[in-house]
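So you can see what is in the structure, the chains are spelled out below.
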Amino acid sequence: MNTTSLDDKSGLYAKSGVWLLGLASLMLAACSSGKPDNKPPKKTPEVGVITVQPASQPIVADLPGRTNPFMISEVRPQVGGIIRQRAFTEGALVKAGQLLYQIEPAPYQASAQSAAAALQKTEASLTTLKLKADRYKELVKINAVSRQDNDDAQAALQQGEADVAAARAALSTAKINLDFTRVVSPITGFVSTSTVTPGALVTASQDTALTTVQQLDPIYVDVIQSSSDLLKLKRDIASGKLSSTSQKEIPVRVVLEDGSTYAHAGKLKFNGISVNTTSGAVTLRAVVPNPEGILLPGMYVHALIDVAEEKAAILVPQRAVTRNTRGEPTVLLVDNTQKVIQQTLETSGAQGDNWRVTHGLQAGDRVIMDGLQGISVGSEVKAVPFVATSHPDVATPAMATRPSTVNPAR
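What counts and how
- Residues numbered from 1 in each chain as written.
- Predicted model: local features only at pLDDT ≥ 70, side-chain atom pairs only at ≥ 80, totals over all residues.
- Heavy atoms only, no water.
- Helix = DSSP H or I, 4+ residues; strand = E, 2+ residues; numbered from the N terminus.
- Buried < 20%, exposed > 50% of the residue type's maximum accessible area, 1.4 Å probe, protein only.
- Contact = heavy atoms within 4.5 Å.
- Areas by Shrake-Rupley, 256 points an atom, 1.4 Å probe, with all protein chains shown as cover.
- Expected span 1.5 Å × (residues − 1).
- Phe/Tyr/Trp six-rings, centres within 6.5 Å; stacked < 30°, edge-to-face > 60°.
- Pairing = 2+ DSSP bridges.
- Salt bridge = Lys/Arg side-chain N within 4 Å of Asp/Glu carboxyl O.
- Core = buried A, V, L, I, M, F, W, Y, C linked by side-chain atoms within 4.5 Å.
- Axes fitted to C-alpha atoms, helices over the stretch in contact; angles between N-to-C directions.
- Parallel < 35°, antiparallel > 145°, perpendicular 65-115°, else oblique.
- Left-handed = near helix turned anticlockwise from the far one by under 90°.
- Nonpolar A, V, L, I, M, F, W, Y, C, P; charged D, E, K, R; others polar.
- Polar contact = N/O pair within 3.5 Å; in protein donor to acceptor, adjacent residues only side chain to side chain.

### A few points about the overall build of the protein
From N to C terminus, the protein includes 4 helices and 21 strands. For the protein, the residues scored as buried account for 34% of the 410 residues in total. Partitioning the contacts of the protein with sequence separation of at least 6, the portion at a separation of at least 24 is 76%. Roughly 24700 Å² of accessible area belongs to the protein as shown, and the carbon and sulfur atoms make up 55% of that amount.

The structure is reproduced here in structure tokens:
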């Protein structure tokens, strides 16, 4: 039986190790002989930015309110009687002096005729008394009649004159009552429904109105403003932070219930001089044209009123503002080293599609509007001007300086 010595085994193991080492070298060489990695360097992302520019901005109060008739008249009869005729169409426009109701005039015509006859009678008596008084006045000079008789004649004349004056007044009253049988519209406006029909009995100055006439062109818009907001506004104006509007008649723009803007601007005519003890608000009244009759009494509207002006306001589009975990508004900025930083803001309300910023931004800050995907705080970016036409549904850089609205209660 053949056997292998210890030296022969050691040589066999050495040859095997050399073979394995060579195989590993060949594999490594094969790997290193592959194509080199020629990937291009990562491109710096571009972001669209707007540059903050403070500008003079009106402070526009957005206040809720309701419409009220410019004039309203509750039509009531001045004399009693039976309604003979209703001479208007409910809901129609009536003119001042137009006939609305006709009350039966016959009794008042008779009263007027009787008063006229009484006046003629007293005037005839006055003629006799005047002639007698004139004769006695001459006769007493020659002692043809006593002084007492003359005094009685003169007194009778004065009493006759008073009777004539009373008869004339009675005739005027009778004619007025006759005129009152024609119930006319006291103002021009739209007439409401009628509470009576022909044949109904009405009485003078009754509690129930026959109908109501409302003038709606122009129309009042009564809005309310919190007294605390009013105090804050006055303090800001007094401190110089805001300036009072220089316009003598402050314009008022009306926003309807459906969110559309009313076509005609009004003017502020009245500022409340007392605070409602229940609501803690002050009432402001504006007069607004209403030629098409779109505004009806009792409609809920919003009034946009220029209450003051801020000389260096900073506005930022709402699209650029987000909230952090604490609910604070924040924006992303590009600093001088082209790095993205996050800035916390303080705002004082919305102005259209923008936020009015009181703290956190200053002139020259570059706010990122576009290209937010794929970047984070600390990323290096390339800032380019934001192009609004590529995003028609968002604010433009110019929006940071255009007038808009703000609700001071926010």
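### A short note on helix α3 (residues 147–180)
Along its 34 residues, α3 runs 50 Å from first to last C-alpha, staying within 8% of the 50 Å computed at 1.5 Å per residue. Asn150, Ala153, Leu157, Gly160, Val164, Ala167, Leu171 and Ala174 are the residues of α3 that are buried.

### Remarks on the packing of aromatic side chains
A complete count under the given rule lists 2 aromatic pairs for this structure. Ring geometry for phenylalanine 70 and tyrosine 220: centres 5.0 Å apart, planes at 35°, overall tilted. Of this pair, phenylalanine 70 sits in strand β2 (residues 55–75) while tyrosine 220 sits in strand β9 (residues 211–226), placing them 150 residues apart in sequence. Note on tyrosine 220: relative accessible area 17%, which makes it buried.

### Concerning the pairing of strand β18 (residues 346–351)
Sheet analysis places β18 next to strand β19 (residues 354–359), joined by 4 bridges and oriented antiparallel. Each bridged residue has a counterpart across the sheet, and for glutamate 346 the counterpart in β19 is histidine 359. Linking β18 back to β19 in an antiparallel pair, the connection comprises 2 residues, with glycine 352 at a positive phi of about 65°.

### Let's talk about the pattern of salt bridges
Evaluated as defined, the whole model comprises 10 salt bridges. Among the ionic pairs, glutamate 90 bridges to arginine 86, the shortest N-O distance being 3.6 Å. Looking at arginine 86, the relative accessible area reads 34%, which means it is partly exposed.

### Some words on the nonpolar core
By size, the foremost hydrophobic cluster in this structure holds 23 residues, and its most contacted members are Val223, Val254, Val288 and Ile305. Taken together, the elements giving at least two residues each to this core come down to β2, β9, β11 (251–255), β13 (281–288) and β14 (300–317). Filtering out sequence-adjacent residues up to four positions away, valine 223 remains in contact with Leu63, Pro64, Gly65, Val282, Thr283, Leu284, Ala303 and Ile305. Within the second largest apolar cluster, 16 residues are counted, among which are Ile83, Phe88, Tyr101 and Val191.

### Considerations on the packing of helix α2 (residues 106–139) against α3
Where α2 contacts α3, the two axes come as close as 8 Å, and the packing angle between them is 165°. When the axes of α2 and α3 are compared, the pair comes out roughly antiparallel. For α2 against α3, the interelement crossing comes out left-handed. Looking at side-chain class alone, the contact of α2 with α3 contains 19 nonpolar, 7 polar and 8 charged residues.

### So, the sheet that holds strand β6 (residues 182–184)
Read across the open sheet, the 4 strands follow the order β6-β5-β3-β8; overall the sheet is antiparallel. Looking at the sheet topology across the chains shown, the edges are occupied by β6 and β8 (201–202). Note that strand β3 (residues 81–86) and strand β5 (residues 99–103) share 3 bridges and pair antiparallel. Residue pairing in the sheet places arginine 86 in a bridge with tyrosine 101 of β5.

### Observations regarding the side chain of serine 194
As for its placement among the helices and strands, serine 194 is situated in the loop between β7 (189–191) and β8. Among the residues examined, serine 194 registers a relative accessible area of 16% and is labelled buried. Side-chain polar atoms of serine 194 contact the backbone oxygen of valine 196, separated by 2.7 Å. Not counting chain neighbours up to four residues away, the residues in contact with serine 194 comprise Arg86, Phe88, Glu90, Tyr101, Leu210 and Thr211.

### Overview of unusual backbone geometry
Across residues other than glycine, the phi torsion is negative in most instances, and most of the peptide bonds are trans. Put simply, aspartate 217 and proline 218 share a cis peptide bond, and its omega is 0°. Residue position: proline 218 is located in strand β9. Even without glycine at this site, serine 205 takes up a positive phi of about 55°. Its place among the elements puts serine 205 in the loop between β8 and β9. At glutamine 338, a residue that is not glycine, the phi angle is positive and equals roughly 65°. Locating glutamine 338 in the fold gives a position in the loop between β16 (329–334) and β17 (340–344). Residue classification places glutamine 338 among the partly exposed residues on the basis of a relative accessible area of 26%.

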